[in-house]
Amino acid sequence: MILDVLWHDVECGGYAEDLPLWRRLAESETDGGRGPVLDVGAGTGRVSLDLAARGVSVVALDAEATLLSALDERAAGLPVRTAVADARAFALGDDARFSLIIVPMQTLQLLGGPEGRAGFLRSARAHLAPRGAVAAALADALESFDSESDGLPEPDTCELDGVRYASRPLAVVDEGDRAAIHRLRQVEDAGGAVTSEAHDVIRLDRVSAAEVAEEAEALGFTAESALRIPATDVYVGSTVVVLRG
Ligand SMILES: C[S@@+](CC[C@H](N)C(=O)[O-])C[C@H]1O[C@@H](n2cnc3c(N)ncnc32)[C@H](O)[C@@H]1O
């Protein structure tokens, strides 16, 4: 398996707390729960595949072709189409209209601030069916921590062919309008020896649901009541902003 795909699965694949919410929205917002739903930042398809397995047709959009190739393979026989595109400026064709556009797992906070979000919102609005909705999850404020003073959280792991892949959060560093999540990715052989390790950093824009609602209203959306995804022992909770086109 390609390493990008593997690390994506290790770091995102175990999250399931949000799935009931996306299922409910697909049911209530699309025709008899059949879709179509646009899943923005779909990655290897954690949410797309879950919805498609329930009969919802999905277009899975991501900037990373390798992740979408893995999704394509996993979606064999399911009503999923993939689109390699930048969420900040996409055009999927004149007939591509969705009654629901979802942005799970903080992808909206990966778009590089207000300009990137505005680009996404404009593109999303152009792809919404009449009265369609955009629903985007925003992580609750990430507390800064570091391994020296706070200890290390448990890593996300998977084992493949006797090799163990572990991704351990090392620190969340406050960078003002962003939070930088530092991780150590380690590969261990069957005897427990570390055969490679690398440092990875992901930066999440700090933005509240109220700020996104205000930005969206300036572009012609109507913000509805936000929804909640509860925190777990491992994952922070999220607020899901719902924007009507
Ligand atoms: C946190 S992962 C979420 C993956 C998947 N939605 C899930 O919930 O498991 C964020 C995803 O957004 C994608 N992404 C980040 N920036 C993007 C952009 N500008 N356009 C499209 N996709 C983007 C990444 O490639 C990655 O797959």
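For every chain, the first residue of the written sequence is number 1, and numbering continues from 1 onward in sequence order. Local features in a predicted model are, by the rule used here, given only for residues with pLDDT of at least 70; side-chain atom pairs are given and counted only at 80 or more, and totals for whole chains, interfaces and linings are based on all residues.

The next point concerns the pairing of strand 12 (residues 238-244). Any residue with 12 or fewer other C-beta atoms within 10 Å of its own C-beta is exposed, any with 20 or more is buried, and the rest are partly exposed; the C-beta atoms used are placed from the backbone. Helical segments are the DSSP runs of H or I of at least four residues, strand segments are the runs of E of at least two, and each set is numbered from the N terminus. Counting buried positions along strand 12 yields five of seven residues, so the element is predominantly enclosed. Only strands that DSSP links by at least two bridges are regarded as paired with each other. Pairing geometry for strand 5 (residues 128-139) and strand 12, over seven bridges, is antiparallel. Bridge pairing in strand 12 places alanine 135 opposite valine 242. In this sheet, strand 12 lies alongside strand 11 (residues 222-229) in antiparallel orientation, the contact comprising six bridges. By the bridge assignment, leucine 227 is partnered in strand 12 with valine 240.

Before going further, it helps to spend a moment on the site of the ligand. Contacts to the ligand come from 19 residues, most closely from Gly41, Gly43, Arg46, Ala87 and Met105. As a working rule, the residues Ala, Val, Leu, Ile, Met, Phe, Trp, Tyr, Cys and Pro are called nonpolar, Asp, Glu, Lys and Arg charged, and the rest polar, with Gly in that last group. Classifying every residue of the shell around the ligand gives ten nonpolar, four polar and five charged. Using the backbone to place each C-beta atom, any residue with that atom within 6 Å of a molecule or strand is considered near it.

Per the annotation, domain bounds derive from an automatic or database assignment of domains. Examined at the domain level, the protein chain breaks down into domain 1 (3-141 + 207-244) and domain 2 (145-204). When each unit is reduced to the centre of its C-alpha atoms, the spacing between domain 1 and domain 2 is 25 Å. Domain 1 puts eleven residues into the contact, and the matching count from domain 2 is eight residues. The leading source of residues in the side of domain 1 that touches domain 2 is helix 1 (residues 3-12), at five residues. Of the residues belonging to the side of domain 1 that touches domain 2, the class tally is five nonpolar, four polar and two charged. Residue pairs are scored as contacts if the distance between their C-beta atoms, which are placed from the backbone, is within 7 Å.

Proline 36 follows glycine 35 through a cis peptide bond whose omega is 5°. For proline 36, the location among the structural elements is in the loop between helix 2 (19-29) and strand 1 (37-40). Non-glycine residue methionine 105 carries a positive phi angle of around 50°. Position of methionine 105 relative to the elements: it lies in the loop between strand 4 (98-103) and helix 5 (114-126). Overall, the presence of 20 C-beta atoms within 10 Å leaves methionine 105 in the buried class.

Moving on, we get to the sheet that holds strand 4. The mixed open sheet is built from seven strands, whose spatial order is 3-2-1-4-5-12-11. Two strands bound the open sheet, and with one partner strand each, they are strand 3 (80-84) and strand 11. The mean angle between the axes of side-by-side strands here comes to 20°, regardless of whether they run parallel or antiparallel. Here strand 4 pairs with strand 5 via five bridges, running parallel. With axes taken as lines fitted to C-alpha atoms, and helix axes fitted only over the stretch in contact, angles between N-to-C directions fall between 0 and 180 degrees.

Before going further, it helps to spend a moment on the packing of helix 5 against helix 7 (residues 209-218). Relative to each other, helix 5 and helix 7 sit at 55°, their axes nearing to 10 Å. Comparing their axes, helix 7 and helix 5 come out oblique. Pair helix 5 / helix 7 crosses with right-handed handedness. Together, Pro114, Arg117, Ala118 and Leu121 of helix 5 and Val212, Glu215 and Ala216 of helix 7 make up the contact between the two elements. The residue inventory of the contact of helix 5 with helix 7, partitioned by class, reads five nonpolar, no polar and two charged. We call two directions roughly parallel when the angle between them is under 35 degrees, roughly antiparallel when it is over 145, roughly perpendicular when it lies between 65 and 115, and oblique otherwise. In a left-handed crossing the near helix is turned counterclockwise from the far helix by less than a right angle, and in a right-handed crossing that turn is clockwise.

Here the focus is helix 4 (residues 65-74). Along helix 4, the residues that are buried comprise Leu67, Leu68, Ala70 and Leu71. Down the axis of helix 4, the sector holding all buried residues measures 155°, keeping them to one side. Summarising the geometry of helix 4, the exposed residues directed more than 90 degrees from the buried face are Ala65 and Glu73. Contacts made by the buried residues of helix 4 are with helix 1, helix 3 (46-52), strand 2 (58-62) and strand 3. To obtain the arc, one takes the directions from the helix axis to the C-beta atoms.

Core analysis: the biggest nonpolar cluster contains 52 residues, and Val37, Leu100, Ile101, Ile102, Ala135 and Ala136 have the highest contact counts within it. Looking at this core element by element, the count peaks at eight residues for strand 5. Filtering out sequence-adjacent residues up to four positions away, isoleucine 101 remains in contact with Leu38, Val40, Ala124, His127, Leu128 and Val134. Core membership is restricted to buried Ala, Val, Leu, Ile, Met, Phe, Trp, Tyr and Cys residues, and these are joined into a nonpolar core through C-beta atoms within 7 Å.

A few words on the environment of aspartate 72. Structurally, aspartate 72 can be placed in helix 4. By the C-beta count within 10 Å, which is 16 here, aspartate 72 ends up partly exposed. Between the C-alpha atoms of aspartate 72 and threonine 44, which are 28 residues apart in sequence, the distance is 8.4 Å.

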